[in-house]
Amino acid sequence: MLNWMDSLYGRSLMRLTSFTDEEMLNLIDLAGQLKARRHAGVRGDLLKRKNIALIFEKSSTRTRNSSIIAARDEGGGAEYLTRPDIHFGKKESVKDTARVLGRIYDGILFRGFSQQTCEDLAKYSGVPVWNGLTDDYHPTQVFADFLTIKETFGSLEGVTLAYVGDGRNNVANSVMMGCAKCKINYVCCCPKELEPDPKVLAEAREVAERNGVTIKVFNDPIEGVKGANVLYTDVWVSMGEESKTAERIKMLRPYQINMDLMRATGNIDGKLMFLHCLPAFHDYNTEVTKESGALEVTDEVFESKYSKVFDESENRMHTIKALFVSALCDRKSV
Ligand code: CP
Ligand code: NVA
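One structure accompanies this document, and this report is about it. Bear in mind that the values here come from a model prediction, so they are computed numbers and not experimental data. (Residues numbered from 1 in each chain as written. Chains lettered and ligands numbered in written order. Predicted model: local features only at pLDDT ≥ 70, side-chain atom pairs only at ≥ 80, totals over all residues. Heavy atoms only, no water.)

## Section: the state of the cysteines
Step number 1: This structure, assessed with the given rule, holds zero disulfides.
Step number 2: Take Cys118: it sits in no disulfide, and the sulfur closest to it among the cysteines is that of Cys277, at 17 Å.
Step number 3: Here Cys188 stays unpaired: no disulfide links it, and the sulfur of Cys190, its closest cysteine neighbor, is 3.6 Å away.
Step number 4: Judged by relative accessible area, which is 0%, Cys188 ranks as buried. (Disulfide = S-S within 2.5 Å. Buried < 20%, exposed > 50% of the residue type's maximum accessible area, 1.4 Å probe, protein only.)

## Remarks on the sheet that holds strand β2 (residues 77-82)
Step number 1: The strand order β2-β1-β3-β4 describes an open sheet built from four strands, whose pairing is parallel. Of all the strands in the sheet, the pair left with one neighbour each is β2 and β4 (129-131). Pairs of neighbouring strands in the sheet enclose a mean axial angle of 20°, with direction left out of account.
Step number 2: For strand β1 (residues 51-56) and strand β3 (residues 107-111), the ladder comprises five bridges, and the chain directions are parallel. Paired with Ile52 across the two strands is Gly107, which belongs to β3. (Pairing = 2+ DSSP bridges. Helix = DSSP H or I, 4+ residues; strand = E, 2+ residues; numbered from the N terminus. Axes fitted to C-alpha atoms, helices over the stretch in contact; angles between N-to-C directions.)

## Re the site of ligand 1
Step number 1: Every residue near ligand 1 is listed here: Ser59, Ser60, Thr61, Arg62, Thr63, Arg111, His138, Gln141, Cys277, Leu278 and Arg316.
Step number 2: One nitrogen or oxygen atom from the side chain of Ser60 is found 2.6 Å from an oxygen atom belonging to ligand 1. (Near = heavy atom within 4 Å. Polar contact = N/O pair within 3.5 Å; in protein donor to acceptor, adjacent residues only side chain to side chain.)

Here it is in structure tokens:
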């Protein structure tokens, strides 16, 4: 029997602060239940007759496919809409598009540039809207990351996560807030120029303090990762920032996750894992790495026993399903 909080019904996810700490933990738990159910071969109908619009301004492999399969698994449908496909933001305002799609669909997942666009979709559509990544946040990713940590270590509490790389990007912002909400100690290892935005940092620190955990920022990665159980990184250049590639590579080379950095945690023989939201540059099999020669993680770490990146990827589907089900399925009717 699946169980989740009634309070999640009809709710949008703009950023992790859209949910209480309890709701966030409850969603991770629901995703675990849905995963077990799917692995047992059960396909349900919790999203029967529910249709979800997927508006994507930026590329995606995991978020797009997770959303489509999550809906389909539970008897629902999802339609992938890119900017050239619809009038969105060109011939038709965000407000009007939101009002149209809200009449047709039961929910909207948005991936794009501006956080404001995501918030306007929620404001004007009248249906739940989920943020599938903006320039500022990537909240759906964190549910999958934390389900992976919970599966591997048994619990989230007491874990220390060190994020190494671009400390102020969308993934870093959401992982930092997620840690504060779920009682994980967070360490950001990044160059001075890429430290978290002071406002975002202060907001996360306030939540961390309330939950009795810490948020620390280090410019020295060797010092910062000491005692960490999770080393987490992301690409050095996010979508939309391609013009900054050369300067980022120069800044972030000392922050590559390699076996020396894994050893610097002091946990190489204990509780330690590597996470990456993916896509990752870890070898020279992509057009980008062939040209730049820069990797944020070595192949040795990426392919090691510490790496849980494909569990993490799979968990994108189960956690997105949990978001759709909890928002669109009235638990009383199940
Ligand atoms: N991690 C993630 O969001 O991947 P995609 O860009 O492939 O959706
Ligand atoms: N920070 C990356 C995350 C990709 C999933 C980007 O925005 O491109």
